[in-house]
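Inside the fold
So the chains spell out like this:
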Amino acid sequence: MTSNRVKAPLPSIPDEENKEEKVYGNVFAELESVDLPLGTTLRSVYDDQPNAHKRFMEKLDARIRNHDREIEKMCNFHHQGFVDAITELLKVRADAKKLMGQVSDTNRRLQDAGKEVTAQTEEVIRCRVQQRNMATTVEKLQLCIPVLEMYSKLKEQLDSKRYYAALKTMEQLENTYIPRVSQYRFCQIMAETLPKLREEIKEISMSDLKDFLESIRKHSDKIGETAMKQAQQHRTFNSAVQKQASAGYAKPVYTLNGRAPATHNGLSPGEGADEEDDADEEVLTAQDLVDFSPVYRCLHIYTVLGDRETFENYYRKQRKKQARLVLQPQSNMHETVEGYRKYFNQIVGFFVVEDHILHATQGLVTRAFTDELWNMALSKIIAVLRTHSSYCNDPDLVLELKNLIVIFADTLQGYGFPVNRLFDLLFEIRDQYNETLLKKWALVFREIFEQDNYSPIPVENEEEYKSVISRFPFHDAEIEKQQFPKKLPMSQSVPQIYIQVKEFIYASLKFSESLHRSSTEIDDMLRKSTNLLLTRTLSGCLQNLIKKPHIGLTELVQIIINTTHLEQACKYLEDFITNITNVSPETIHTTRLYGLSTFKDARHAAEGEIYTKLNQKIDEFIQLADYEWSMSESDGRASGYLMDLINFLRSTFQVFTHLPNNNNDHAAMSGKVAQTACMSACKHLSTSLMQMLLDSELKQISMGAIQQFNLDVIQCELFASSEPVPGFQGDTLQLAFIDLRQLLDLFMVWDWSTYLADYGQPTSKYLRVNPSTALALLEKVYRGMKDTSKKNNIFSQFRKNDRDKQKLIETVVKQLRSLVNGMSQHS
């Protein structure tokens, strides 16, 4: 119910109050507004005027009272409606309770019915959550499973030692797979494990490399042996092709004892057969003998890991160490060829491996590195070979060493290594080889000389004659005309020496083969080595032979004849070398053989030895002289020792003249030697007899002793005049005793006045008597005369009967002394 009420009009307010009311009205309007801040408004109230607070409170109370009146009016106005609403509400209460009961019953029944739905809904929710979790799990597993599969693959690769593939797998894991699931703990553990696995791979690969380096050291010998065998087979094949190509144009060579030298490209027939057998075998390479995968694997691993430089440095350092070990020879390497062979095999094996590594890898070793290794090795090899070859005295071993060096050089040259210094070394070893050959042939020559009988070679028939001339180039028309049996002028050693010189040339030629030298150089080497054999070895053996005590005069004469034939054979030796090398002897640089001077020197030495031995024999006879220097008169015949000496000389020179001198040159040669020997013997005999008279230990000589001595000298003169050796002109041989003859005549005739008067005149009868010689002998005779007088106690009688002779002797002595003093002052 509503009531209509009329509002009472407000009382009027004065202007002053209106103004104030207006101000506070605005204030209250602001206070009643909830949007404006109160602080500013209240501050404006208090700041306007004094007592503002009091007035504001009054106005506020008035305002409150106004609002209360307004509220009361409004309540009064709406009171009836409120009463009506309450009445209606009470009417609705009963219906509300009824409705509440119905709602509660409905709610109860609804709750009972929803329990099952709620349970099923919760199950659905739980299933939905599980389904969502499973989907999430599957999604995450799909991300993790590839990671786990890759890690499993990594483990399998590690177990199967496929380290390079394992590193690739690790790289994929780190860069692709692990970042996708890096939030999981197992991935973090996995990521932490990968660096450790890398280190393990590095260590394992390095361990494999060390095992490889150890094994390669063991296999180097076999690798080198295989490589050298291949090079030798290749060289043999090329030589065979060249030999076949030039077979139709080759010049015939001299045969040795009816045979040609059996060589096969510098190798013996047995060696050639071995090579043919080996050629049928399967040829293995370095890859077949050695597994290089550890090197490749380790190189790839360190390259992937970014540490390639470390690996390269390590590999090169280790190979340098191994190179030094390989180049260290055994102390007894020079004793057998196998020692050299093993040494070369190891070196070749080492550099074959390095060459393979150089071409199979990129940058692990460089050409500069291998060249450095080779230069270091080459210097060491040359020093080792130079040292060890100097210990070798067996020419066969030196020759085998040369063949090994050639094959060694050819093998390494095939791999691109320079080997010129090795061939230069071969020239040094060639000199060593020649030295060993010279020593060997010195023994051969000595044995030949020891076994020779130094007699002309007897030939009983044509077959024996042809046998000799087939071994030695001897041609003599006079001897060929003679009937069998006959004798050749040389002894058995001559053809043997000639054969051995040819054998030496063949042996020297073996070393010159395969040295990659021209025919001219080989010809020069052969001639020089042959010259050494003739001028040093053979000459030395001849000189030693000539000096041997058991070599008599007959043997010396035969040696002279032998050297003449050997000298004539030198031109055949030159032709022999020419036919071997096909180098014309007219070539400008062709070396000539020095055999002529060698054999001339040997002949001169033999001749000198003949003279020496004759003189020694004369001295031996003279030592047998036993003169009684105080004898009163001679025996009337020559001394026995002197007759024996003359008989010896006579028989000796008969041997000279009865030597077979069918050749005019031989006759002239032996005649000249006999003449010189005879003249030398007579001069030496004369000198020895003179020295016997003038011996300082001989103090006195009797005239009887001089007479006996004169008889001996007469026998010497008779021997000289009997022409013991034909060819002397006039009394040339007697002149050897002229000094003795004039001296003895002076004493026998006692012709001092003539001697002193004609002294210094070219026509003097005693021109060859020296004053000092005459003085020395005269003093000995004078002392002998005085000693004889004392022994016979007739010195006083001597003084009475021979006073004039004594004075003459004293006078002659004084004059001779003055002549001797004058000669000394003049000189």
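Residues numbered from 1 in each chain as written. Predicted model: local features only at pLDDT ≥ 70, side-chain atom pairs only at ≥ 80, totals over all residues. Heavy atoms only, no water.

1. Some thoughts on the overall build of the chain
Basically, it comes down to this: The helix count covers DSSP runs of H or I at least four residues long, the strand count covers runs of E at least two residues long, and both are numbered beginning at the N terminus. To sort residues, take the accessible area from a 1.4 Å probe on protein chains only and compare it with the maximum for the residue type: under 20% means buried, over 50% means exposed, and anything in between is partly exposed. Contacts are assigned to residue pairs that have any heavy atoms within 4.5 Å of one another. Calculation of accessible area relied on Shrake-Rupley with a 1.4 Å probe; when residues are assessed, cover is drawn exclusively from the protein chains displayed.
Helix and strand counts for the chain stand at 28 helices and two strands. Looking at the chain residue by residue over its 827 residues, the buried ones come to 40%. Taking the contacts inside the chain whose residues are at least 6 apart along the sequence as the reference set, 80% of them involve residues at least 24 apart. On the chain, roughly 46300 Å² of surface is accessible, and the fraction owed to carbon and sulfur atoms is 51%.

2. Some remarks on helix α19 (residues 570–581)
Because an α-helix packs 3.6 residues into every turn, residues spaced three or four apart end up facing the same way. To be explicit about the condition: One less than the residue count of a helix, multiplied by 1.5 Å, gives the span that helix is expected to have.
With twelve residues, α19 should cover 16 Å at 1.5 Å per step; its first-to-last C-alpha distance of 17 Å lies within 8% of that length. Where α19 is concerned, the buried positions are C570, L573, E574, F576, I577, T578, I580 and T581. Of the residues one or two after α19, N582 is the one with positive phi, at around 60 degrees.

3. A short note on the packing of helix α16 (residues 493–512) against α19
Put simply, the test is: Axes here refer to lines fitted to C-alpha atoms; in helices the fit is confined to the stretch in contact. Angles between the N-to-C directions go from 0 to 180 degrees. Put simply, angles under 35 degrees are roughly parallel, angles over 145 are roughly antiparallel, angles from 65 to 115 are roughly perpendicular, and the rest are oblique. Two helices cross in a left-handed way if the nearer one is turned anticlockwise from the farther one by less than a right angle. They cross in a right-handed way if the turn is clockwise. Charged means Asp, Glu, Lys or Arg here, nonpolar means Ala, Val, Leu, Ile, Met, Phe, Trp, Tyr, Cys or Pro, and polar covers whatever is left, Gly included.
Between α16 and α19, the least distance of the axes is 11 Å, while the angle of their chain directions is 30 degrees. Classified by the angle between their axes, α16 and α19 sit roughly parallel to one another. Two packed elements cross with a definite hand, and for α16 against α19 that hand is right-handed. Contacts between α16 and α19 pair Y498, V501, K502, I505, Y506 and L509 from the former with Y572, L573, F576, I577 and I580 from the latter. A class-by-class count of the residues in the contact of α16 with α19 yields ten nonpolar, no polar and one charged.

4. Examining unusual backbone geometry
In this structure, P485 follows F484 across a cis peptide bond, with omega equal to -5 degrees. By secondary structure assignment, the location of P485 is in the loop between α15 (477–481) and β2 (486–488). Even without a glycine there, the phi angle at E723 is positive, about 55 degrees. Within the secondary structure, E723 sits in the loop between α23 (703–721) and α24 (738–749). For E723, a relative accessible area of 45% corresponds to the partly exposed category.

5. Some thoughts on the packing of aromatic side chains
Put simply, the test is: Side-chain rings of Phe, Tyr and Trp, where Trp is taken by its six-membered ring, are said to pair if the distance between their centres is within 6.5 Å; with planes under 30 degrees apart they count as stacked, over 60 as edge-to-face, and otherwise as tilted.
Following the criterion strictly, the structure yields 25 aromatic pairs and no others. Between W374 and F417, the ring centres sit 5.4 Å apart and the planes meet at 45 degrees, which makes this aromatic pair tilted. Placement of W374 in helix α11 (residues 367–389) and of F417 in the loop between α12 (395–414) and α13 (420–451) is noted, with a sequence separation of 43 residues between them. Ring geometry for F472 and Y498: centres 5.4 Å apart, planes at 85 degrees, overall edge-to-face. Note that F472 is positioned in the loop between α14 (462–471) and α15 and Y498 in helix α16, a separation of 26 residues in sequence. Summarising the burial analysis for this pair, F472 and Y498 share the class buried.

6. As for the confidence of the model for the chain
Counted only if it meets this: Known as pLDDT, the predictor's confidence for each residue is given on a scale from 0 to 100.
Residues at a pLDDT of 70 or more form 83% of the chain, whose mean pLDDT is 79. Here residues 1–13 scores under 50 on pLDDT; set against residues more than four positions off or in separate chains, the count is 14 contacts. Segment residues 245–281 is flagged for pLDDT under 50; beyond a separation of four residues in sequence, or across chains, it makes 44 contacts in the model.

7. Topic: a nonpolar patch on the surface
To keep it simple, the criterion reads: Here a patch means residues that are over 30% exposed by relative accessible area and free of salt bridges, tied together within 9 Å if like-charged and within 5 Å if nonpolar (Val, Leu, Ile, Met, Phe, Trp, Tyr). For this analysis, a salt bridge means a side-chain nitrogen from Lys or Arg found within 4 Å of a carboxyl oxygen belonging to Asp or Glu.
A surface patch of nonpolar side chains, about 540 Å² in accessible area, is lined by F82, V83, I86, L89, L90 and V92. Secondary-structure assignment places I86 in helix α3 (residues 52–159).

8. Re the side chain of D712
Rule in force here: The charge count treats Lys and Arg as positive and Asp and Glu as negative. His and the chain ends do not count. By the criterion applied in these results, polar contacts are pairs of N or O atoms within 3.5 Å in which, for protein atoms, one can donate a hydrogen and the other can accept it, and in which residues neighboring in sequence qualify only through two side-chain atoms.
Structurally, D712 can be placed in helix α23. Salt bridges are absent for the buried D712, whose nearest opposite-charge side chain, R637, sits at 8.7 Å. At 2.6 Å, the side chain of D712 and the backbone nitrogen of S639 are in polar contact. In contact with D712, not counting residues within four places along its chain, are Y627, A638, S639, Y641 and L642.

9. Observations regarding a negative patch on the surface
Note the threshold: Charge positions come from single atoms, namely NZ of Lys, CZ of Arg, CG of Asp or CD of Glu.
Negative charge collects at one region of the surface, where D626, E628, E633 and D635 lie side by side. Secondary-structure assignment places D635 in the loop between α20 (595–622) and α21 (640–657).

10. Some words on the pattern of salt bridges
Tallied over the entire structure, the rule returns 21 salt bridges. Residue E123 is joined to R126 by a salt bridge in which the shortest nitrogen-to-oxygen separation is 2.1 Å. Taken together, the residues E123 and R126, both in helix α3 and three residues apart, mark about one turn of the helix. A residue is classified by how much of its surface remains accessible, and E123, at 37% relative accessible area, is partly exposed.

11. What to know about the packing of α13 against helix α17 (residues 519–547)
Direction vectors running N to C along α13 and α17 enclose 35 degrees, while the axes themselves pass 9 Å from each other. By crossing handedness, the relation of α13 to α17 is classed as right-handed. Between α13 and α17, the contacting residues are F427, R430, N434, E435, L438, W441, A442, F445, R446 and F449 on the first element and M525, S529, L532, L533, R536, T537, L538, C541, L542 and L545 on the second. Of the residues in the contact of α13 with α17, the class split is 13 nonpolar, three polar and four charged.

12. Notes on the state of the cysteines
Going by this rule: Throughout, disulfides are identified as pairs of cysteine sulfur atoms within 2.5 Å of each other.
This structure, assessed with the given rule, holds zero disulfides. In this structure C716 is not part of a disulfide, and its nearest cysteine sulfur, from C682, lies 7.9 Å away.

13. Here's the deal with the environment of D601
With respect to the helices, strands and loops of the structure, D601 is situated in helix α20. The exposure class of D601 is partly exposed, given its relative accessible area of 42%. The spacing of D601 and Q543 is 58 residues in sequence and 9.0 Å in space, taken between C-alpha atoms.

14. Description of the side chain of D751
When you line up the elements, D751 lands in the loop between α24 and α25 (752–758). As a buried residue without a salt bridge, D751 has its nearest oppositely charged side chain in K765, at a separation of 4.2 Å. Of the polar contacts made by the side chain of D751, one reaches the side chain of T754; its length is 2.6 Å. Ignoring any residue separated from it by four or fewer positions in sequence, one finds D751 in contact with L746, K765 and Y766.

15. Observations regarding the environment of L711
With respect to the helices, strands and loops of the structure, L711 is situated in helix α23. Given the relative accessible area of 23%, L711 is considered partly exposed. On a C-alpha basis, the gap between L711 and A638 in space is 5.3 Å, while along the polypeptide they are 73 residues apart.

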